[in-house]
Amino acid sequence: MPLSSHDTVKRMVTGLLTARGHEPDLLLQHLIAIQLAYSYVPEIAVEVLSSVLGVTRSRIRACVDFYAFLHARPRGDYDVLFSDNITDRMAGSEALRQQLTKRLGVRLDQTRGDGRVTVSLTSCTGMCDQGPAMLVNGLAVTALTPKRIERIGELVEAGVPLEHWPAKFFVVEDHIHRAGDLLSNAEKMSAGLQRFLDLGPQAALGELEASVLRGRGGAGFTTALKWRICRDSPGDERFVVCNADEGEPGTFKDRVLLARYPDLVFKGMTLCAGIIGARKGYLYLRGEYRHMLPRLEWVLSRRREQGLLGWDICGQPGFDFDIEIHLGAGAYVCGEESALIESLEGKRGVVRKRPPYPVVSGFQGRPTVVNNVETFLAAARIVEWGGHWFRGEGTQQSAGSKILSVSGDVARPGIYEYPFGTPVSRVLEDCGGTGAQAVQVSGAAGVTLAPSEFSRTLSFEDLPTSGSFMVLGPDRDLMDMTRNFARFFAHESCGFCTPCRVGNRLLEALVEKVAAGKASAYDLEEMRQIGNLMRQASYCGLGTTAANHVRDILDKFPDTFQRRLRPGSDFTPAFDLDAALAAARAITGRNDAGAHLEEA
Amino acid sequence: MSDSPKIRVATTSLAGCFGCHMSFLDIDERILDLVDLVEFDRSPITDIKQLGPCDLGLVEGGVANAENVEVLREFRRQCKVLVALGACAVNGGIPAMRNAFPLADCLTESYVGGIGIHNPGVPNDPEIPLLLNKVHPIHEVVKVDYFLPGCPPSGDAIWTFLTELLAGQAISLPYTQLHYD
Amino acid sequence: MNLANSFRLDGREIPFQPGQTLMDAALAAGAYIPHLCHNPELAPHGSCRVCVVRVGGRLVSACTAPAAAGLEVASDTPDIQASRRAILQMLFVEGNHICPACEKTGACQLQAVAYYVGMLEPHFTHFFPRRDVDASHPDYVIDFNRCILCELCVRASRDLDGKHVFAISGRGIDSRLVIESPTGKLGDSAFAATDRAAHVCPVGAILPKRGAYSVPIGQRLYDREPISQVGDVAANEGRARS
């Protein structure tokens, strides 16, 4: 890099630091801004950040290395990432990706010689109801078709700035097809906090307790209990964190909630702050949803003007609370609350040791409530309308309703809200999932249901779910799904613990071996054993659930693997023997019979 | 000794140094007890070249070239029980250290650009087995029934292993006989 | 013994102090639970998973699980040892562990724990990653082929030496140890042979130059007695230094 651009980068980074702040917690946010400006994080930026933030260079580089959206080397002027969820694939994303790379004369993951463009794959971008989708310089482009890809190819070649691309490319639909207690009556939703102030924190918490609301992220911890523990934990400061890092493949309902009901979510966070005594809150927004940032920032500033955030909220002396938005940068593991907190603190998103739990020692070591977007929204409505209202539907252990993200082979993909206890078959009827051979509930980490299980119910008692509901039609090959998931987890494992770090890579290789028709029954047993170890011995939920899909295919859809096994083999080599001689053949120029190895 | 037919044993060294075979001989006079129980088929000890059906195959060395693959497969076909004997068979061992380098670099260093080379050029005679990209332990090519690590496993470890195996017992090495170096 | 402050490890009563982990209490009572990323001088980490024990039907890492009165903890059972073996096998195939060529052999905790759980073979398919050796420092060499990502050096440098010489970079299977210096080389870092970080590596990744074979093979730390009797590499290094 020439010296002048060194100075430019320095100036830019210095400006960033002045504008946003010098706290080490902001490291990731600064890196995201630098990445956006230069398509990578130049070494000189690392130097400046290191000296100003007081963070070591290696920690900054480690951060760049950890997050999929940060790069130590330049990407193209147009950084194109195809969403690679199984639903994107089912909608034809692979052919579109090939069309674009061919059109642009570029290879996957390799920046074109002129620096114009890089095309890569990325984990599910949360546009499953309107895929195939991509991110271009971090902004979502949906509903890709061959025609749209052709146009994108032209725009890239012509160097047209993104702001001059057709606006319709960036349209993100909400697709709410079924509204229940939470989503209906939108006009009656008050953005205000009067009811909370009338009740007071103690009674508001009482309403929440009466509602028996459980966390909507999937784990289902009782929300009121979480808030109470946090309130009662010693600390000079407390924090509210809204987890909008919905990285679970197939979920997109938080995106819709934030697009449609941001006030309710912020209101939920604010009353949480009022109850636990927090003065600062964070919305951790996954990087894939950066297109929503301007509007969310606008809603926050409007709430400040309305006296719903900031000092003396609603004129209540001492009720001070504000919300800051932090972006993620492409790391599924950050959906786990303690990894999310690490990321909020500007670090690699590695899951913390528990105990202590975040409610006792979270952000900056202070008591912290981390809840899902949907949980805060539900809490806002509960305080407004009462715990008994909320309990009016659902099941014994699962009060209220659940918002589902429905995608895949269905006539009407989108958002569906159901009372807990609704059978899977009902959802399939409503969304037009005719003849489904399988439903993947709760994402890649969830459970693969066979038709015989479609009478099972969505609830904490039976099928706990983060909301992802992916339908695989009668003509799908489940091998495609399991390959997609195996690749996903190998890519998203944070690498901290042995079983997840190594196990996921071993599993991915074995799944690929099966797919290539090179495996034996021995390999299937290996997959089962590795999966068992990961489930039992991994450090966090990512590792303990990452092999679920393999187990479910082995148990419920065994033919998916069985029919691909090499006939008559009870053991096959771990690698392709003949291919392993290719380099030697090339070097020696030999191609005689002895220069090859037959499959045994 | 019993009248039951003797156990038929074959041994071979693939990408190894024959150190495990030397260690085998370190069972010393116990070999007299052993030959009461076993007879050897193909092995450097007998110089029999053609492998016949065997009860037990002991394989030293990893898999570095096409010939290693063929020999290993033949052992797997003919031997009821196959044993990875020593570090190289178990995990590739010292020869696998070449895996740190591309094969082309290894061959160039050895035959073209290295020190003291006359008539530089990578040999391409069909008689010479082609090298695999990497050296692999034998369990990555065939199913292996038992593993006895060590570089080499000591004569005592080999003796413990064989006597327990031949007696149909579970293998249980004393602490000092289990080592990877 | 006050049963209110004890738990049972494989049937043996283990007393504990409030705040202790299962590992702390077990080690204090002279009961061995195999481990790699744990060092009593440093905060528990829980990453290697070798110390998994069964409590109430679940596997937990003994180094991070708080001791609690009345717990029934299983450690030395065939299925748990099998899980540990599989975890160790994963560590062996992930890196390049050529014991016969390693200066640390015989005094290596990875080996010793693997011996303890009866690991005979690596079982899985080797990754054979291409990794570097950094010999830029005058007194120490780092062989990344042998790093098992236990982060003991990271933690010792940060928490005991106050230096932050090491960090973990990347993610997933691409996670790797990196060094804080302008060039990323150890020789350009603040690392010194007197650092605690120089004496906590359980494997042959961070090694002093010269004198690697001063103790003959056959007389090394774990050549005669198992780790359950000898103790950790770092503890023995500590004894040797003091």
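Reading the values: rules and limits
- Residues numbered from 1 in each chain as written.
- Chains lettered and ligands numbered in written order.
- Predicted model: local features only at pLDDT ≥ 70, side-chain atom pairs only at ≥ 80, totals over all residues.
- Heavy atoms only, no water.
- Pairing = 2+ DSSP bridges.
- Helix = DSSP H or I, 4+ residues; strand = E, 2+ residues; numbered from the N terminus.
- Buried < 20%, exposed > 50% of the residue type's maximum accessible area, 1.4 Å probe, protein only.
- Contact = heavy atoms within 4.5 Å.
- Polar contact = N/O pair within 3.5 Å; in protein donor to acceptor, adjacent residues only side chain to side chain.
- Axes fitted to C-alpha atoms, helices over the stretch in contact; angles between N-to-C directions.
- Buried area = accessible area lost by both parts, 1.4 Å probe.
- Nonpolar A, V, L, I, M, F, W, Y, C, P; charged D, E, K, R; others polar.
- Disulfide = S-S within 2.5 Å.
- Domains from an automatic or database assignment.
- Salt bridge = Lys/Arg side-chain N within 4 Å of Asp/Glu carboxyl O.

Caption draft 1: Fine view of the sheet that holds strand β7 (residues 140-143) of chain C. Residue and element names in this part refer to chain C. With antiparallel pairing, the 3 strands of this open sheet are ordered in space as β6-β7-β10. In this open sheet, the two edge strands, each paired with only one partner strand, are β6 (133-134) and β10 (206-208). In this sheet, β10 lies alongside β7 in antiparallel orientation, the contact comprising 3 bridges. Counted as the bridge partner of Ile142 is Ile206 from β10.

Caption draft 2: Geometry of helix α13 (residues 337-344) of chain A. Residues and elements named next belong to chain A. Across the 8 residues that make up α13, a large majority, 7, are buried. Where α13 is buried, its residues meet α2 (27-38), β6 (239-244), β7 (280-285), β8 (322-327) and β9 (368-372). Structurally, the start of α13 carries an N-cap: the backbone nitrogen of Ser338 is 2.7 Å from a side-chain oxygen of Glu336. Looking one or two residues past α13, Gly346 carries a phi angle of roughly 85 degrees, positive in sign.

Caption draft 3: Broad picture of the sheet that holds strand β13 (residues 438-441) of chain A. Residues and elements named next belong to chain A. As summarised here, the arrangement of the 6 strands in space is β5-β11-β10-β16-β13-β14, forming an open sheet in which the pairing is mixed. Here the strands that pair on one side only, and so sit at the sheet edges, are β5 (176-178) and β14 (447-449). The sheet shows a mean angle of 30 degrees between the axes of neighbouring strands, taken without regard to direction. Bridging between β5 and strand β11 (residues 414-419) involves 2 bridges; their strand directions are parallel.

Caption draft 4: Focus on the interface of chain C and chain A. Taken together, the contact pairs 39 residues of chain C with 37 residues of chain A. Surface buried jointly by chain C and chain A totals about 3100 Å² across both partners, of which 57% is contributed by carbon and sulfur atoms. For the chain C face of the interface with chain A, the top three residues by lost area are Met90, Arg171 and Glu180 of chain C, together amounting to 25%. Put simply, chain C and chain A have 19 residue pairs in polar contact (both at pLDDT 80 or more) between them. At the level of secondary structure, the elements contributing two or more residues to the side of chain C that touches chain A comprise β3 (52-55), α2 (78-94), β8 (166-169) and β9 (176-179) of chain C. With 6 residues, α2 of chain C is the largest single contributor of residues to the side of chain C that touches chain A. Each residue belonging to the side of chain C that touches chain A can be placed in one class, and the counts come to 19 nonpolar, 13 polar and 7 charged.

Caption draft 5: Structural detail: the state of the cysteines. Using the criterion set out here, one finds 0 disulfides over all chains in the structure. Between Cys99 of chain C, a free cysteine, and Cys108 of chain C, which holds the nearest cysteine sulfur, the sulfur-to-sulfur gap is 6.4 Å.

Caption draft 6: Here's a closer look at the domain arrangement of chain A. Residue and element names in this part refer to chain A. Domain annotation for chain A reports domain 1 (3-66), domain 2 (78-173), domain 3 (177-391), domain 4 (403-472) and domain 5 (478-562). Computed from C-alpha coordinates alone, the two centres of domain 2 and domain 5 are separated by 29 Å. Each partner contributes to the interface: domain 2 provides 5 residues, whereas domain 5 provides 8 residues. Approximately 440 Å² of surface area, both sides summed, lies buried where domain 2 meets domain 5, with 50% of it carried by carbon and sulfur atoms. Among the residues domain 2 hides against domain 5, the three largest losses belong to Asp84, Ile86 and Ser123. Together they make up 81% of the total. At the boundary of domain 2 and domain 5, one finds 1 salt bridge. Note that Asp84 and Arg487 form a salt bridge whose closest N and O atoms lie 3.9 Å from each other. Where domain 2 meets domain 5, there are 3 residue pairs in polar contact (both at pLDDT 80 or more). When grouped by side-chain class, the residues that make up the side of domain 2 that touches domain 5 number 1 nonpolar, 2 polar and 2 charged.

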